[in-house]
Amino acid sequence: MFWRFGYNPSSNLDALLEKEGVTLEELFDEEELLQECKSHNSKLIEFLCRPEILQQLLNTIINEHPDETKKFKYPYLAAEIFGCEIYAVSDAVVAQPRLLESFWSLLSRPAPISPLRASYFSKVNGILMQKKAGEMVEFVKTQPNSVSNILTHVGNSSIAELLLKIISLEEIPEGAGVVSWLSEQKLIPSLVERLDPNLDIETHNTAAQTLLDIIAVSYQNGGPMEQEEGGPVTLAGGNSLVDELKSEPMMRKIFGYMLDKSAPNATSSLSSGVIIMIELIRRYCSEIEQAEFQQHQFQTQLMHTARGQEYGILPSPEKMKTLAVDLNDLLKVIGEKVQDFGMLLEHPRNVVCDGFKAFSLYNFYFKPFRSKQMADTTLGRITPLGSERLRTCELFAEILHLQYLYFSSPLFERLVFGDGPEEDDSIMDDKGVDVEVISTGMESLNLRKNSVADELAGISDLLVNSKVLPMCLSLFFEFPWNNFLHSVVYDMIAKVFNTYSFTSQSSNFVPVGPDGKEILSSVDDGLSPLELKMKQVSVVFKKLVVSILVEGRLTTRITEAQRRNDLEVLQPKGVRLGYMGHLTYISDEVVKLAEKCLDDFGVDVVDLINSNDWESYLNGVLRETKDRDREALGGIRPAHTANSTASFGGKIDETDVPPLNAAPPPKNSAIGGFGQVDEGPEEMVKISASGSVEIGEDGNTGYGSKGSKDWQEGNFD
């Protein structure tokens, strides 16, 4: 505690700095260097701020030291010096652009560069951008080919991280405009071109991951929801980079790469493209959910707040207009390519098939996929599904999920009809979309043509015409061990059924205006424009339901799969087929749909639902399965006795341990883990082909039904 009395011990570093001609390498060899930097040693900071020393520091990071013992230590120390956040050092570097130009020359080198040096380079630039954001943005803008140089090394995770840091500067005042500049530098087109199917797979993966990161950073940088005093709330999501990615030219280029029929790596382009599309759709869904939450909060406060007080925040009309058309270009291009994707389900490029030479309903439903390519698995040699078919199913599942979210949203009337009246009966909105005006009694609502709702409905029609969902069902049953596919197909079926169940019930729809109050309808037939629109949507989804149940033969295939599973279980070492769990979930969805909407369908659907085979399955196997699943895993909890309580956690009572060749348990003891047999007539318990427990007449279980002699001898046949 000498410092209390003015005693400041001098360090070895201070003595070294007082020497004439001290070098940077001599400082690197001092153990106290980083500690003195963190304590902001004034002599050390003055030394480090010299231009020649700064040049040596930066060169140490980007150049490899010839001495093997120093090539890792010195770059680490140089980067850590900047990591000590010494403002004077950062200011001195940024004040001399020639130092930064020399430092950024690392990106002018051919790929690949050392991952270690790239990480130090990214770290130092990140620190400089944090301390001197405005100056660093101007420097990057003035560098020739800075964006192309970054993209050359974007496969390096550290350089990709640096690109994201530059994009994130848009959220602070000093970095405003950097996203527009990146857009002018053709950042998005350059990344999209790297999805060209003639390029290698690694390039595809790098470009796709970079685009995904840009999407994530762009939406995160939207910032918190703010409301100017007396003005509407702005819920802007994404930025101009994401808008450019979602534009029709970019979408057409990406889908062109994905569906190329002759390029060597078209499958990789398709997988990367589908991942990007799914991410864009999910971000759009999250924006709708965020707006729904705001609407709910506003209406809740409206009911509990005194008149004349603030009602909280509400999604602005401008935001609703943006959401109404935000994903139009993507959905439009997908709609144009539905038939091409259907052909991929039938003829995948990465799996050579002999079957399905010419499409017909008979071939599609009854002839299995046959492939010249077989894969070795733990189940033997089987036909692979292929990434193309799986990714295609995932894309359609995401679209169906968007349809469910969109058409069941409490904001649907605002998304489709808008908020306020327009002066003319036919006008153009800010995105060039035609608008019609419909009177609802209280106010006029704008009905936009070619909105997201219209594009989604159009895609649904195309899915029906191209028989995409029956194809996905065929894949479901053809590949019993691909649980990724099973989850996707189940999600597709559930979303279609639930969307139809919701849209077919007009009581679900109560038009709500931008003020949070219900809109009174003056239409003669008693249906509001919202209800009429939803009925149109319901008709489209009814076709999808019929496509699944009739053309896809869903109920028939479920019962056939159950019989196939029963036969498989009876085989030596037989196991349940991999899709049986998902079939139970799908059957539940069919039952729920039939309970709510069976009267809406024609004879073809009613006959399938009321068939003896399906009724037998529901009342037999499905009921047994659900009853078994409701049982506790450990069975009925045993009652605590004095003996069990005393022995718990203590010594084992030897009298409770049966001898080695003991007889089997009593006849009426607990069976397995699913319950107990009540006192009553002696019966025999065995396992049926369906896996359920059956009780016979002699009271012994099927695990030793021939008596205690078989039990002792280990004969369980």
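Check the entry above for the structure.
**Some points on the overall build of the protein**
- Counting its secondary structure elements, the protein contains 34 helices and eleven strands.
- Considering the protein as a whole, with its 717 residues, one finds that 47% of them fall into the buried category.
- Here the analysis covers contacts within the protein between residues at least 6 apart in sequence; of these, 71% occur between residues at least 24 apart.
- Counting every atom, the protein has about 36400 Å² of accessible surface; 51% of that belongs to carbon and sulfur.

**Digging into helix α15 (residues 201-220)**
- Taking 1.5 Å of rise per residue, the 20 residues of α15 would be expected to cover 28 Å, and the 29 Å separating its terminal C-alpha atoms lies within 8% of that figure.
- Looking at where α15 begins, the residue whose side-chain oxygen comes 3.1 Å from the main-chain nitrogen of E202 is D200.

**Regarding the environment of S122**
- Turning to its location among the elements, S122 is positioned in helix α9 (residues 115-131).
- The spacing of S122 and A79 is 43 residues in sequence and 9.8 Å in space, taken between C-alpha atoms.
- Excluding anything up to four places from it in sequence, S122 contacts S158, E161, L162 and K165.

**Examining unusual backbone geometry**
- Omega for the peptide link from A111 to P112 comes to 0 degrees, which places this bond in the cis form.
- Locating P112 in the fold gives a position in the loop between α8 (97-104) and α9.
- With phi around 50 degrees, R553 is a residue other than glycine that occupies positive phi space.
- Position of R553 among the secondary structure elements: in the loop between α28 (529-551) and α29 (554-570).
- A positive phi angle is found at K573, which is not glycine, with a value near 60 degrees.
- Positionally, K573 belongs in the loop between α29 and α30 (580-597).

**A short note on the side chain of N565**
- Checked against the element boundaries, N565 lands in helix α29.
- The residues contacting N565, other than those within four sequence positions of it, are R576, L577 and M580.

Parameters at a glance
- Residues numbered from 1 in each chain as written.
- Predicted model: local features only at pLDDT ≥ 70, side-chain atom pairs only at ≥ 80, totals over all residues.
- Heavy atoms only, no water.
- Helix = DSSP H or I, 4+ residues; strand = E, 2+ residues; numbered from the N terminus.
- Buried < 20%, exposed > 50% of the residue type's maximum accessible area, 1.4 Å probe, protein only.
- Contact = heavy atoms within 4.5 Å.
- Areas by Shrake-Rupley, 256 points an atom, 1.4 Å probe, with all protein chains shown as cover.
- Expected span 1.5 Å × (residues − 1).
- Polar contact = N/O pair within 3.5 Å; in protein donor to acceptor, adjacent residues only side chain to side chain.

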